[in-house]
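Descriptive analysis of the structure
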Amino acid sequence: MTQSIFEHRLKVRDYECDVQGHVNNANYQHYFEVTRHEFLEKVGLNFHQLHLQGIDAVVARVDIRYKIPLVGMDEFVCTVKQIERQNVKYIFHQEIYRVSDNALCAKAKIEVVNLMNGKLSKPEVFDQAFADYL
């Protein structure tokens, strides 16, 4: 695993697996989202509190590359490797590694935009919070 700006450790729950015993593809997006929310907490932003202030970070696009499947009870680390700012969006580069052998299981590029009271706006609150990571 290469250097990350943030890591969050999780464990596969049995109900997240499909009939083949692999984590269902949609759950990887959940893992990536949980990790982004935990990252926000680290930089002093609370996703729910932002919403109450009329500030919403919403996913605009997701590209996930599946490499090796996770299975029930696997422990894994979900990372934020890098954050890019392009115009009014942030792009999060994230990866998931299985703890037992450090295998890369999935990688994602997730584009997020900011809404202020439901309207697309500059992500100034995020600019300040992410300043050390850009």
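Our structure's up above, just so we're on the same page.
Residues numbered from 1 in each chain as written. Predicted model: local features only at pLDDT ≥ 70, side-chain atom pairs only at ≥ 80, totals over all residues. Heavy atoms only, no water.

What to know about the pattern of salt bridges
Going through the model one piece at a time under the given rule, you end up with 7 salt bridges. Notably, a salt bridge pairs Arg13 with Glu16, separated by 2.3 Å at the nearest N-O pair. Note on Glu16: relative accessible area 3%, which makes it buried. Glu111 is paired through a salt bridge with Lys89; the nearest N and O atoms lie 3.2 Å apart. A residue pair is termed long-range when its members are at least 10 positions apart, and Glu111 in strand 5 (residues 104–116) and Lys89 in strand 4 (residues 89–98) qualify at 22 residues. Taking the relative accessible area as the measure of exposure, Glu111 reaches 11% and is therefore buried. By relative accessible area, which is 23% here, Lys89 ends up partly exposed. (Salt bridge = Lys/Arg side-chain N within 4 Å of Asp/Glu carboxyl O. Buried < 20%, exposed > 50% of the residue type's maximum accessible area, 1.4 Å probe, protein only. Helix = DSSP H or I, 4+ residues; strand = E, 2+ residues; numbered from the N terminus.)

Concerning helix 1 (residues 25–42)
For helix 1, with 18 residues, the first-to-last C-alpha span of 27 Å sits near the 26 Å given by 1.5 Å per residue. What helix 1 keeps buried is the set Asn27, Tyr28, Tyr31, Phe32, Thr35, Arg36, Phe39 and Leu40. Between the side-chain oxygen at the start of helix 1 and the backbone nitrogen of Ala26 there is a gap of 3.0 Å, and the oxygen is on Asn24. Looking one or two residues past helix 1, Gly44 carries a phi angle of roughly 90 degrees, positive in sign. (Expected span 1.5 Å × (residues − 1). Polar contact = N/O pair within 3.5 Å; in protein donor to acceptor, adjacent residues only side chain to side chain.)

Remarks on the nonpolar core
Core analysis: the largest hydrophobic core is formed by 30 residues, its most contacted members being Phe32, Leu70, Ile96, Phe126 and Phe130. In this structure Phe32 touches Ile64, Cys78, Gln94, Glu95, Ile96, Ala106, Lys107, Ala108 and Ile110, once residues within four positions along its chain are discounted. (Core = buried A, V, L, I, M, F, W, Y, C linked by side-chain atoms within 4.5 Å. Contact = heavy atoms within 4.5 Å.)

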